[in-house]
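Coordinates in review
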Amino acid sequence: MSAGAVAVLLSCLSCCGSALWRYHTNSPNYRIFSTRSTITLEYEGTLFSEWSVPGTCSVKNKRSPKTELRCSSPGIQTIRPIVTGPDLEEERNLFVGSSNTCFMWYHRIIPFHQNLTQVIKIWIYDPENADPDELLWNAVGPSLNSFVLTKQFATLGQKPVIHTFLKKRIYYADEKLEDGTWHISLPMSANDKIKEIRGNQVTFQDCFVANILFLLGFPWFTIPEVPGFLPISSPLGSQLLIAWDTCTPASIVLVADMETFQTNDSFHTWTRIRVPPNILTDEERSNVSDVNISRDGIFFLINGILYLKSSTRFAKLGSKENLPEGEIIGIKTRKWCWHSYLAKANKRSSMAIWTKNELYLGYAHLKFVKIIDTKRLGEILHIIPTATLTIHNIEYTAHPLELGLLLSICVTCNVMKKIHLVIYNEDSEQWVHKDFSLNVTIDSVITPYFLYSAIPELIVWDKHRIYYFYDNFITTGVLQTPTEFGNLSKLSHDSIIHRTFIDYFGNILVKMENNILFHSKINIRDAVKLPLWTNTLTKSALFWNLFNEINFVHVLGNGTLYVQEYPTSLEVQSITFKTEEKCPFVTFHTNIYHVFYILDKGENLSGWAQIVYPENNGLYIIVEPYGPKLLKEKYSVNYEIASGFCTKTLLMTFFQTVNYQAVDDYFKKQYQNTGLMLMQVRPSEYSKACPIPPKVFQIAVGCDRTKFIVVKGFGYKGCQRHDFFYTIEKSFLRNRPSTDLRVKYSWRKYGCPLQLNFKEKFHPLLQLYNKNGFIKDVDANFIVWEIHGRDDYTYNLTMQKSGCLNEAQTWDKMITLNKNRSLEDVWGPENYKHCFSYGIGKPGDLSQPYEIINKSNGNHLVWPLTQAGMYVFKVKILDPNYSFCDLRALFAIRISGVIPSPNGYLVFSVLFILMLLFCSILTFSYFHYMMIFILEKEKEKDN
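Rules used in this analysis
- Residues numbered from 1 in each chain as written.
- Predicted model: local features only at pLDDT ≥ 70, side-chain atom pairs only at ≥ 80, totals over all residues.
- Heavy atoms only, no water.
- Helix = DSSP H or I, 4+ residues; strand = E, 2+ residues; numbered from the N terminus.
- Rg over C-alpha atoms; globule rule 2.2 N^0.38 Å.
- Buried < 20%, exposed > 50% of the residue type's maximum accessible area, 1.4 Å probe, protein only.
- Areas by Shrake-Rupley, 256 points an atom, 1.4 Å probe, with all protein chains shown as cover.
- Lys, Arg positive; Asp, Glu negative; His and termini not counted.
- Charge placed at Lys NZ, Arg CZ, Asp CG, Glu CD.
- Expected span 1.5 Å × (residues − 1).
- Contact = heavy atoms within 4.5 Å.
- Polar contact = N/O pair within 3.5 Å; in protein donor to acceptor, adjacent residues only side chain to side chain.
- Pairing = 2+ DSSP bridges.
- Axes fitted to C-alpha atoms, helices over the stretch in contact; angles between N-to-C directions.
- Salt bridge = Lys/Arg side-chain N within 4 Å of Asp/Glu carboxyl O.
- Disulfide = S-S within 2.5 Å.
- Arc of directions from axis to C-beta.

With that out of the way, let us pick up the overall build of the chain. A tally of helices and strands in the chain yields 10 helices and 63 strands. For a compact globule of 943 residues, the expected C-alpha radius of gyration is about 30 Å, and the chain comes in at 38 Å, more than 25% above that figure. With respect to the principal axes defined by its C-alpha atoms, the chain has extents near 160 × 80 × 75 Å. Taken across its 943 residues, the chain has 50% of its residues classed as buried. As presented, the chain carries roughly 44,900 Å² of accessible surface, and 53% of it is formed by carbon and sulfur atoms. Within the chain, the 88 negative side-chain charges are centred at a point lying 4 Å from the centre of the 95 positive side-chain charges.

Here you go:
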């Protein structure tokens, strides 16, 4: 932002609204707030006299409204501006640390769209001695001071590494510095956005480099501004509308009453969104009531009609897209990001659209589907026919496949109405009526916000109060305040609630329209008023920045934006110190590091959670599952006490014991026992002073779609990469056709064939992989078949040698029993029966080949002695208790070294030709010598 724009802002703030004061440091997001930091104090107002600071701190000019503060001793420092007049300004209790972390990583992202990579340029800088461009994150290269500092650290062995939180990947820097920077190349990723720059434990001047967390995903493209296009905005005098992509929170759209702004870097830069003329009237262009953003573009709700603005068009969405026109009252997208989840049947929506009587869900590529109407909802929920049922509001829950509908039900509908909650699961298509009800006046608008929790927990609000519904709707009430019984308007100069913001750490920030903030935390029943941070007359909104922290964005009167970092943790720490609120526990942590786990058959998930608390507090750990009961749970608790503190460690194991062997309907059994469960692990007590939120994670039971099997020794390297044709003789094919089969060998499909001599038997060894690489060798039973129908191979083991007590299944038998199925589907885990029990199967000929292979049974493929050729096999896991996945693989074998048997027609032809040639030669010789004999006779006569 330019200096002129900042001056305009400060002038506006100083002359308008109530006085306030704030502080900031040079390190982004207050990452370094210590005795080494220079803390800038700012007072905005006309009554300032001087600063009151403790004796352990000093100010550069105590009578200046803007000055610098340094504290020589760590601890809580109470700071307050002294003003003229009877009123007192709020004091802040700032915690100044004594960390040896002094330096920070600076990174600059350079995208390369042609190969879908991003190069991160990284160097080290000192926030206390950095250039202005580095402090504003506008630098394209290190300053002189940073250049020297980076060189020094590199000499001492420092080197950055990028760790990703979701996929647990690690990316290393190049060996050498280039222009005083390290370079790390990493692929663009849409589902591995949370990254951290870490370094070695190297010090310079007794100072370390702070690790830095940042968000980096697949880059979004900004919609360009087009000359001649017109502004699109909300009604004059309205509050700001803001929306961001759930999993890319740096991609934001902001609607003010003058313009609409878009950013892909948390308003570090931004563009204006404008629309073509002659599509909307001036009144329509200035009447945006809601906004959302997705990969398809920006959605505007205007007069009950949904419009889409993308980089290529601005269009009205209506009946052509299966949407109503003029009746839409709301649009919502998800609040919480889940990159991974398990959906058994249906696709997951990205947007909910509703009218008073109908619910629509939107999917990628502008596909919209009507889900239900209130008539059908009334039948499902058994609402009395005389009641009026309408959709009041909708919000996605923290569950990746569910959303909640607030329904308004009334009979006379004159004075009061009752709000009910229904949860809809998109995958199972089930509706659940929750134990939720709220009586409000007929004109009240209730807005829901589901917490980041496993079980459905939420807060709702009207203009003045926040209502909470915790512990699966067991704990309910109004969020209380020290005075006014939870009426936030009376504590904020009669302003009304603008928006509520909840982060992944459990903080609940309630922003009033005049920018006054209230703070609470999940599972807490009261809220506290935070010190004023920005002017009450400036329109602002809260959003995530690139460093996963909360910021304010302000829209100035000249149509520009101004961003302020908001120190949530410092402000909460200050207010809880003043109220003497303590966290009931000392530490709470778990070894559950991921947010998504998927369990296959035979697998389990084990973990632990530990809480340390003062003696006699009586705390414990609560595990709350939500979803279908798919898993068994096993818990054990270890308890220790020492030095007045208790330590409880909860050991937990989740597993499944279902047996899928020889069931009546294998696929139905699998479907019933797969699905998604959410788990939450939390302490039994909590407070606003606790820095650690509950742990929420998913356990999916089902097929990990990244799993696959390969046959060891087969691949795509080591052979000539080309396709070719070969012929299989008809007598070697299973169905004995009338002609030979000509086959094309595809290198891309089958890879390199294994060259074997006809005397060599072959035992396939299967290996299991997933997206992270090799897992283990497969020890389950499997079957193989030649995909083109060859059956001129056999097995070295018989059923008797394999230990069968009854006749085992064979390909011929399974084909006979399943005549209407393809060869691939006649035999599999759904109908597999082993032969090692007298109770399964019938005695028969046990001298037949045993056609089932596993890692340890020594069963090999045996080749015919009379025919060379190509075999392309497919392998399938046969064990029904091995995996939910249908695991298959291809491999090819070329048999050589066989002396082919003679062909009768060919032999006859060759013999005929030889005899003909012999006779021809004899005949030719006869006539040749007869000619010579005649010539000799004639010569004799002449003589």
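Moving on to helix α6 (residues 568–579). Given a rise of 1.5 Å per residue, 12 residues ought to cover 16 Å, and the 17 Å separating the end C-alpha atoms of α6 matches this to within 8%. All of the buried residues along α6 are Thr 568, Leu 570, Glu 571, Val 572, Ser 574, Ile 575 and Thr 576. On its buried face, α6 is in contact with β1 (20–24), β7 (92–96), β39 (507–512), β40 (517–521), β41 (528–529) and β43 (550–555). Of the residues flanking the end of α6, it is Glu 580, one or two places downstream, whose phi is positive at about 60°.

Once that is clear, we can look at the side chain of Gln 809. One can find Gln 809 in the loop between β60 (794–795) and α9 (811–817). Of the polar contacts made by the side chain of Gln 809, one reaches the side chain of Trp 827; its length is 3.1 Å. Within the structure, the side chain of Gln 809 is placed 3.1 Å from the backbone nitrogen of Lys 833, a separation counted as a polar contact. Sequence-distant contacts of Gln 809, defined by excluding residues within four places in its chain, comprise Met 814, Trp 827, Asn 831, Tyr 832 and Lys 833.

Right, let's get into unusual backbone geometry. In this structure, Asn 303 is a non-glycine residue whose phi angle is positive, near 50°. Structurally, Asn 303 can be placed in the loop between β23 (297–302) and β24 (305–309). Owing to a relative accessible area of 38%, Asn 303 belongs among the partly exposed residues under this scheme. Backbone geometry places Ser 643, a non-glycine residue, at a positive phi of 55°.

Strand order in the open sheet formed by 4 strands is β30-β31-β32-β33, and the pairing between neighbours is antiparallel. What marks the edges here is a single partner per strand, and that holds for β30 (388–396) and β33 (430–441). The mean angle between the axes of side-by-side strands here comes to 25°, regardless of whether they run parallel or antiparallel. Bridge analysis of β30 against strand β31 (residues 402–410) gives 8 bridges, and the strand direction is antiparallel. Note on β31: the bridge partner recorded for Asn 393 is Leu 406. Across the sheet, helix α5 (residues 374–381) is in contact with β30, β31, β32 (416–425) and β33; its angle to β30 comes to roughly 95°.

Attention now moves to the sheet that holds strand β19 (residues 260–263). Reading across from one edge, β17-β18-β19-β20 is the order of the 4 strands in this open sheet, with antiparallel pairing throughout. Strands at the two margins of the open sheet, each flanked by one partner only, are β17 (241–245) and β20 (271–272).

With the rule as written, the count across this model stands at 38 salt bridges. For Lys 707, the salt bridge goes to Asp 600, with nearest N and O atoms at 2.9 Å. Highlighted residues: Lys 707 in the loop between β52 (695–701) and β53 (708–711) and Asp 600 in the loop between β46 (596–599) and β47 (604–614), separated in sequence by 107 residues. Judged on exposure class, the residue Lys 707 and its partner Asp 600 are both buried. Connected via shared salt-bridge partners are Glu 824, Asp 825, Lys 874, Asp 886 and Arg 888.

Structurally, a disulfide amounts to a covalent bond that connects the sulfur atoms of two cysteines. Across all of its chains, the model carries 8 disulfides by this definition. Through a disulfide, Cys 102 is tied to Cys 207; the S-S separation comes to 2.0 Å. On the sign convention where negative means left-handed, the S-S torsion of about -50° between Cys 102 and Cys 207 marks this disulfide as left-handed. One end of the pair, Cys 102, is in strand β8 (residues 101–112); the other, Cys 207, is in the loop between β13 (194–198) and β14 (208–210), with 105 residues separating them in the sequence. For the pair formed by Cys 102 and Cys 207, the shared burial category is buried. Bridging Cys 583 to Cys 690, the disulfide has an S-S length of 2.0 Å. With the S-S dihedral at roughly 100°, the linkage between Cys 583 and Cys 690 falls on the right-handed side. Residue Cys 583 is found in the loop between α6 and β45 (587–590), and its partner Cys 690 is found in the loop between β51 (675–683) and β52; the two are separated by 107 residues along the sequence. Using a relative accessible area of 1% as the deciding quantity, one classes Cys 690 as buried.

Glancing now at α5. Within α5, burial applies to Thr 374, Leu 377, Gly 378 and Leu 381. Along the long axis of α5, the arc covered by the buried residues comes to 100°, so they all point the same way. If you follow the buried residues of α5, they end up packed against β29 (367–373), β30, β31, β32 and β33. One or two steps after α5, the chain reaches His 382, where phi turns positive at roughly 60°.

Moving on to the environment of Asp 206. Within the fold, Asp 206 resides in the loop between β13 and β14. Residue classification places Asp 206 among the exposed residues on the basis of a relative accessible area of 62%.

Looking now at the side chain of Ser 453. Structurally, Ser 453 is set in the loop between β34 (447–450) and β35 (458–461). Among the polar contacts made by the side chain of Ser 453, one reaches the side chain of Glu 457 at a distance of 3.2 Å.

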